[in-house]
Amino acid sequence: MKVLLIGSGGREHALAWKLTASPLLSKLYCAPGNPGIAELAELVSLDVSDHQAVIAFCKEKVIDLVIVGPEAPLVAGLADDLRAQNIRIFGPSKAAAQLEGSKGFTKDLCARFDIPTGAYGRFNNAPKAKAYIRQQGAPIVVKADGLAAGKGVVVAMTLDEALNAVDACFEGAFGSAGAEVVVEEFLDGEEASFFCICDGKTALPLGSAQDHKRVGDGDTGVNTGGMGAYAPAPVMTAQMVERTMRELIEPTMCGMSEIGAPFSGVLFAGLMITKDGPKLIEYNTRFGDPECQVLMMRLESDLLEIINAAVDGRLDEVSLDWKDEPALTVVMAAPGYPTDVKKGSVISGLEALEDVDGVKVFHAGTAQKDGQLVANGGRVLNVTAVARSVSQAQAKAYETIRKIDWPEGFYRSDIGWRAVEREKSAS
Ligand code: AMP
Ligand code: GLY
């Protein structure tokens, strides 16, 4: 099969790595890709927001399957436009991608189909949002409705913080994403990410992970796209997975079909595991980045075969094999990330790590310049390891980092701390 993969981050490098292990693959293209992916695929400079250009490329190269990494092309309806031309694509339609594209849409779906989540209100003006906040009290959560690259959420511990967040949204801090605001009950518990692959009817669990969103050690500092992750999340016990499937995922699949927007692609549930069980924080309609990297490290099955089955609506015939071992990834970021990224510093020493067993260094934001590898984004490398325990995977990842010659790069030194503490107290 000839496959076109869309995206350029560590998530797509991990997907490319698993796809190239498939005997079903004859040729992999990636648009736009990165230097890590370039070792596995032919890079194509396509403007993916130009759907006609993507269609023309697929026709010219006789592409059998398109796989989309990030959310923006899905929310923009790339899947619909390709399907209208009979091009097979893995990813939800524009209507189904509203699960990520509009927080209000998802909250309304939860309300209608009895999916556990925090109480909420949707507002298109500041006075009404503020009145609701005053009535509910703090702590409370204020969210821009639309896609805001992970920045549109304020978890307000005080009333003032919440009221200011409403003003920021309506004053355009998140552009058009903030034209509507969702105000949501504060949920207390432990967070986990849970992933399913879906074909419109069947949802198959891909496992759980825990992300570290804050930039600094001890979960301090500003929010980022994710500074590291590990899988599985210990809080997602078999019983919790079963409840999540029954109480959240299956009603979502049924609900989406009922409203005429059956969901196919990757459904990524951001969960809060509360004392009353799993509650939905948000849905994303794609793999998490860097969660994908740890899921792919553990996947034994043929990714291309699974995605093919999803595109053909045959997931009910598929079962998945996973390594027993946990995986952990540490993000190495460029100085200044996430606010004021400084690009261009030189990275070396990666070649020596290529054959280390159970370790993969995925490229997230790198570029080739004058024959050297340089930092070219906020999150730059994902140093990923699989081992018998999270503690051992953590040790292996940090040992690898010490071998990478990139003095300007920084990283958190405590990725996996919750699971490491759990392992310590269990032994
Ligand atoms: P989101 O972009 O919706 O994932 O939100 C970013 C982060 O804000 C989440 O990972 C949570 O840590 C936090 N958050 C979002 N909604 C809530 C909520 N209702 N209660 C508590 N924390 C929340
Ligand atoms: N790591 C969080 C995300 O991909 O949304």
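The structure under discussion appears in the preceding block.
Residues numbered from 1 in each chain as written. Chains lettered and ligands numbered in written order. Predicted model: local features only at pLDDT ≥ 70, side-chain atom pairs only at ≥ 80, totals over all residues. Heavy atoms only, no water.

**Comments concerning the overall build of the chain**
The number of helices and strands found in the chain is 14 helices and 22 strands. Relative to the globule expectation of 22 Å for 427 residues, the C-alpha radius of gyration of the chain, 21 Å, shows essentially globular dimensions. Each principal axis of the C-alpha atoms in the chain carries an extent, and together these give about 60 × 50 × 45 Å. By sequence separation, contacts in the chain at least 24 residues apart represent 68% of the contacts at least 6 residues apart. Carbon and sulfur atoms make up 49% of the accessible area of the chain, which totals about 17,500 Å². (Helix = DSSP H or I, 4+ residues; strand = E, 2+ residues; numbered from the N terminus. Rg over C-alpha atoms; globule rule 2.2 N^0.38 Å. Contact = heavy atoms within 4.5 Å. Areas by Shrake-Rupley, 256 points an atom, 1.4 Å probe, with all protein chains shown as cover.)

**Here's the deal with the packing of aromatic side chains**
Inspection of the entire model under this criterion finds five aromatic pairs. Relative to Phe268, the ring of Phe195 has its centre 4.5 Å away and its plane inclined at 40 degrees; by these criteria the two rings are tilted. With a gap of 73 residues between them, Phe195 in strand 10 (residues 190–199) and Phe268 in strand 15 (residues 264–274) connect regions that are remote in the sequence. (Phe/Tyr/Trp six-rings, centres within 6.5 Å; stacked < 30°, edge-to-face > 60°.)

**Notes on the site of ligand 1**
Around ligand 1 lies a shell of 14 residues, among which Glu184, Glu185, Leu187, Glu191 and Glu282 are the nearest. Note that a nitrogen atom of ligand 1 is positioned 2.8 Å from one of the backbone N or O atoms of Leu187. Within the side chain of Lys213, one N or O atom sits 3.1 Å away from an oxygen atom of ligand 1. Those elements that place two or more of their residues in the shell around ligand 1 are strand 7 (140–144), strand 8 (153–156), strand 9 (181–185) and strand 16 (277–284). Its residues placed into classes, the shell around ligand 1 shows seven nonpolar, no polar and seven charged. (Near = heavy atom within 4 Å. Polar contact = N/O pair within 3.5 Å; in protein donor to acceptor, adjacent residues only side chain to side chain. Nonpolar A, V, L, I, M, F, W, Y, C, P; charged D, E, K, R; others polar.)

**Remarks on the pairing of strand 9**
Along strand 9, four of the five residues are buried, which leaves the element largely enclosed by surrounding structure. Strand direction decides the pairing type here: strand 6 (residues 120–123) and strand 9, joined by four bridges, are antiparallel. Within strand 9, the position partnered with Gly121 by the bridge is Val183. For strand 7 and strand 9, the ladder comprises five bridges, and the chain directions are antiparallel. Residue pairing across strands places Ile140 opposite Glu185, the latter belonging to strand 9. (Buried < 20%, exposed > 50% of the residue type's maximum accessible area, 1.4 Å probe, protein only. Pairing = 2+ DSSP bridges.)

**Digging into unusual backbone geometry**
The amide bond that connects Ala138 to the next residue, Pro139, takes the cis arrangement and shows omega of -5 degrees. The linkage connecting Asp289 with the following residue, Pro290, adopts the cis geometry, with an omega of 25 degrees. By the element assignment, Pro290 lies in the loop between strand 16 and helix 11 (291–298). Despite not being glycine, Asn86 shows a phi value in the positive range, around 60 degrees. Position of Asn86 relative to the elements: it lies in the loop between helix 5 (78–83) and strand 5 (89–90).

**A short note on the site of ligand 2**
Taken together, Asp211, Gly225, Phe268, Arg286, Gly288, Asp289, Pro290 and Glu291 make up the full set of residues near ligand 2. Gly225 has a polar backbone atom sitting 3.0 Å from a nitrogen atom of ligand 2. In isolation ligand 2 offers 200 Å² of accessible surface; the protein chains occlude 87% of this area. Across the shell around ligand 2, the residue classes tally to two nonpolar, two polar and four charged.

**Describing the sheet that holds strand 20 (residues 366–369)**
Read across the sheet, three strands follow the order 18-21-20 without closing on themselves; strand pairing throughout is antiparallel. Of all strands in the sheet, those bounded by a partner on one side alone are strand 18 (346–347) and strand 20.

**Notes on the packing of helix 8 (residues 126–136) against helix 9 (residues 159–170)**
Contact pair helix 8 / helix 9: the axes reach a minimum separation of 10 Å and the direction vectors enclose 160 degrees. By the angle between their directions, the pair helix 8 and helix 9 is classed as roughly antiparallel. Regarding helix 8 and helix 9, the two cross each other, and that crossing is right-handed. Mapping the contact onto sequence places Ala126, Ala129, Lys130, Ile133 and Arg134 in helix 8 and Leu159, Ala162, Leu163, Val166, Asp167 and Phe170 in helix 9. Tallied by class, the residues present in the contact of helix 8 with helix 9 amount to eight nonpolar, no polar and three charged. (Axes fitted to C-alpha atoms, helices over the stretch in contact; angles between N-to-C directions. Parallel < 35°, antiparallel > 145°, perpendicular 65-115°, else oblique. Left-handed = near helix turned anticlockwise from the far one by under 90°.)

**Some details on the pattern of salt bridges**
Under the definition given, this model contains 23 salt bridges. Two residues, Lys107 and Glu184, come together in a salt bridge whose shortest N-O distance is 3.1 Å. Linking Lys107 in helix 7 (residues 103–113) with Glu184 in strand 9, this pair joins segments that are 77 residues apart in sequence. When the shortest N-O distance is used, the salt bridge between Lys275 and Asp276 registers 3.9 Å. A single salt-bridge network, built from bridges that share partners, covers Arg88, Asp312, Arg314 and Glu317. (Salt bridge = Lys/Arg side-chain N within 4 Å of Asp/Glu carboxyl O.)

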